[in-house]
Amino acid sequence: MAGVLRTACRAAAAFTSRGAFAQQLRQAFTSAVEAPTVWVFLGPPGVGKGTYSVRVAKAFGMDHIAAGDLVRAEMKSGSQLGAEMKSIVDTGALLPDALILKVMRERMRLSSSRGITSFLLDGFPRTAEQADALEEIGNVQLALNLSLRQEILVEKCMGRRICKKCGSNYNIADIYLPATADQPEIVMPPLDPPTACLPHLEQRSDDNEPTIRRRLEVYHAAARPVEEFYAARGTLVDFEITGGIPETLPRLLEVLKGLPSQQEAAVA
Ligand SMILES: [Zn+2]
């Protein structure tokens, strides 16, 4: 729909008749208003996108969609599409856009049919092409770009654990970096998993250091065009994580509540 709107606006600039075109323009605007509101969380693996996006979605009453979980569920389902995805992921490569979009579109359609029209996407889009494709199915009002120092990212990725009994995700990395001349002290203690989960924690097979470093390189190469895509639309907000959840979450919520779109919503 955003594509229709862009086309309509371009045409409107050169066209002021009040006939069929005006009606077409009105329809484009109506559709744009009805398009789901979308926030996207960007940031490298290990930055805490999952942790923060779940909490932010809850605070703002949005539906949280984790692209990685969607893809893993599809791979577990035993479907032909899932098997195709698994063979690609096992090599350490990123999935083709068309496959991720297919799963993502289906999920958004399902939630919309239940009356949920605002979404917080975690782990999507990863490329400028995906960002462009997303414009067709949602109205992206915010792209929050989370960052964290590289050496901490690697440690955080190495510390990821999943409970093979209940499926919950944890991070056992215990990070402390003393302050240097140009960097603040960083304290990021782990969130201790419940004792019931402790015997069942396991590391994903692709969370080993060579794969993590390769994943970060692949991420950064793809991320720059995505950041530029949203910066050009004025929706990119950079946010550096410099501590644990108790200090960081309130600071993040304050930043988000202060955004122009939130202030407009509060006034309306
Ligand atoms: Zn568990």
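Residues numbered from 1 in each chain as written. Predicted model: local features only at pLDDT ≥ 70, side-chain atom pairs only at ≥ 80, totals over all residues. Heavy atoms only, no water.

Peer 1: Which residues make up the sheet that holds strand 1 (residues 37-42), and what are the values?
Peer 2: Strands sit in the order 2-3-1-4-10 across an open sheet of five strands; the sheet is parallel. Strand pairing shows two members of the sheet lacking a second neighbour, strand 2 (63-66) and strand 10 (236-240), which therefore form its edges. Pairs of neighbouring strands in the sheet enclose a mean axial angle of 20°, with direction left out of account. Pairing analysis gives five bridges linking strand 4 (residues 139-147) to strand 10, with the strands arranged parallel. Along strand 10, the bridge assignment pairs Leu 144 with Val 237. Set on the sheet, helix 6 (residues 97-113) makes contact with strand 1, strand 2 and strand 3 (118-122); between it and strand 2 the angle comes to about 165°. (Pairing = 2+ DSSP bridges. Helix = DSSP H or I, 4+ residues; strand = E, 2+ residues; numbered from the N terminus. Axes fitted to C-alpha atoms, helices over the stretch in contact; angles between N-to-C directions. Contact = heavy atoms within 4.5 Å.)

Peer 1: Quick one: what's the story with the side chain of Thr 127, residue by residue and with numbers?
Peer 2: Within the fold, Thr 127 resides in the loop between strand 3 and helix 7 (128-134). On the basis of relative accessibility, which here comes to 17%, the residue Thr 127 falls in the buried class. If we skip the residues at most four places from it in the chain, Thr 127 touches Asp 97, Ala 222 and Val 226. (Buried < 20%, exposed > 50% of the residue type's maximum accessible area, 1.4 Å probe, protein only.)

Peer 1: Summarise the confidence of the model for the protein chain; cite the residues concerned and give the values.
Peer 2: Looking at the protein chain, pLDDT values average 83 and 85% of them are 70 or higher. Contacts for the low-pLDDT stretch residues 7-18, under 50 throughout, to residues beyond four places or in other chains number ten contacts. Ignoring residues within four places in sequence, the model shows residues 29-33, a span with pLDDT below 50, making four contacts including any to other chains. (pLDDT = per-residue confidence, 0-100.)

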